[in-house]
Amino acid sequence: MLYPVGLLAAIVAAVLAGAGPSMAAQSSDTRLTFYSGYNGYGNIVCSIYLSPSTTLQDVNFKTDPYGCENDDTKSVRFVSSAVDYRGVQLTVFNDSSCRTTSDYAVTRIQPLNRSARVNSFEQNFVAGSITHTYHYRSGDLDGKVSCIRFQRLPV
């Protein structure tokens, strides 16, 4: 069936509008992309867009609206459209309620210089503006992430 170009454009715009946050809204956000493999590779487990006004957010991978697969994440990439001088902190937990009773890791990036990557959650490292600290309980965080806590650092 043939549609006039204007109608086709309106249909595409309507479909895109209902497909989640608009690209314009996402362009100023911080994006966290979680991967099933190490070093920010492998299948994408999910991507979470956080607006500049988001100061604290917990995401339970068992019940989240982002489609994150529970117990599948081994690495993460951070991308921001601008340098965030406040910086960010991401805590990943094996516990689905974001508790520290099992393995967890804290990544602080200050400032967030447009992009950063954590190759494995089960390591400690400092690289430039990134400090990553792994808190060992039983040695099962890579591939077992069930909850995350995202925070913007105070100014």
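Report follows, based on the coordinates. Note that this is a predicted model, so its numbers are computed, not measured.

**As for the sheet that holds strand β3 (residues 56-60)**
Working step 1: One open sheet holds the 6 strands; their spatial order is β3-β10-β5-β6-β9-β8, and the pairing between them is antiparallel. Lying at the two open borders of the sheet, with one neighbouring strand each, are β3 and β8 (125-127). When strand polarity is set aside, the average angle formed by the axes of neighbouring strands in this sheet is 10 degrees.
Working step 2: Pairing of β3 with strand β10 (residues 147-152) involves 5 bridges; the strand directions are antiparallel. Paired with Asp58 across the bridge in β10 is Arg149.

**Examining unusual backbone geometry**
Working step 1: Going from Gln110 to Pro111, the amide bond is cis rather than trans, its omega being -10 degrees.
Working step 2: Its place among the elements puts Pro111 in the loop between β6 (104-109) and β7 (115-118).
Working step 3: Even without glycine at this site, Asn39 takes up a positive phi of about 65 degrees.
Working step 4: Note on placement: Asn39 falls in the loop between β1 (30-35) and β2 (44-50).
Working step 5: Of note, the phi angle at Arg114 is positive, near 70 degrees, even though the residue is not glycine.
Working step 6: Relative to the assigned elements, Arg114 resides in the loop between β6 and β7.

**Brief notes about the pattern of salt bridges**
Oppositely charged side chains can form a pair if their charged atoms are brought close together.
Working step 1: Summed over the entire model, instances satisfying the criterion amount to 4 salt bridges.
Working step 2: Across the pair Arg149 and Asp58 runs a salt bridge whose closest N-O atoms are separated by 2.7 Å. Note that Arg149 is positioned in strand β10 and Asp58 in strand β3, a separation of 91 residues in sequence.
Working step 3: Residue Arg149 is classed as partly exposed on the basis of its relative accessible area of 23%.
Working step 4: Of the charged contacts in the structure, one is a salt bridge between Arg86 and Asp84, with a shortest N-O distance of 3.5 Å.
Working step 5: The exposure class of Arg86 is partly exposed, given its relative accessible area of 27%.
Working step 6: Beyond isolated ion pairs, a larger network of salt bridges with shared partners links Asp84, Arg86 and Arg152.

**As for the state of the cysteines**
Working step 1: As enumerated under the stated definition, the model contains 2 disulfides in all.
Working step 2: Each sulfur in the disulfide pair Cys46 and Cys68 lies 2.0 Å from the other. Between Cys46 and Cys68 the disulfide shows an S-S torsion of about 85 degrees. By sign, it is right-handed. Of this pair, Cys46 sits in strand β2 while Cys68 sits in the loop between β3 and β4 (75-80), and the two are 22 residues apart along the sequence. Of the two residues, Cys46 and Cys68, neither departs from the other in class, the shared state being buried.
Working step 3: Residue pairing for Cys98: its cysteine sulfur links by disulfide to Cys147, the two sulfurs lying 1.9 Å apart. Given an S-S torsion of about -80 degrees, the disulfide between Cys98 and Cys147 has left-handed geometry. A residue pair is termed long-range when its members are at least 10 positions apart, and Cys98 in the loop between β5 (88-93) and β6 and Cys147 in strand β10 qualify at 49 residues. The pair formed by Cys98 and Cys147 is uniform in burial state, with each residue classed as buried.
Working step 4: Shown here for the protein chain is a disulfide pattern of 1-2, 3-4, where each number marks a bonded cysteine counted in sequence order.

Basis of the calculations
- Residues numbered from 1 in each chain as written.
- Predicted model: local features only at pLDDT ≥ 70, side-chain atom pairs only at ≥ 80, totals over all residues.
- Heavy atoms only, no water.
- Pairing = 2+ DSSP bridges.
- Helix = DSSP H or I, 4+ residues; strand = E, 2+ residues; numbered from the N terminus.
- Axes fitted to C-alpha atoms, helices over the stretch in contact; angles between N-to-C directions.
- Salt bridge = Lys/Arg side-chain N within 4 Å of Asp/Glu carboxyl O.
- Buried < 20%, exposed > 50% of the residue type's maximum accessible area, 1.4 Å probe, protein only.
- Disulfide = S-S within 2.5 Å.

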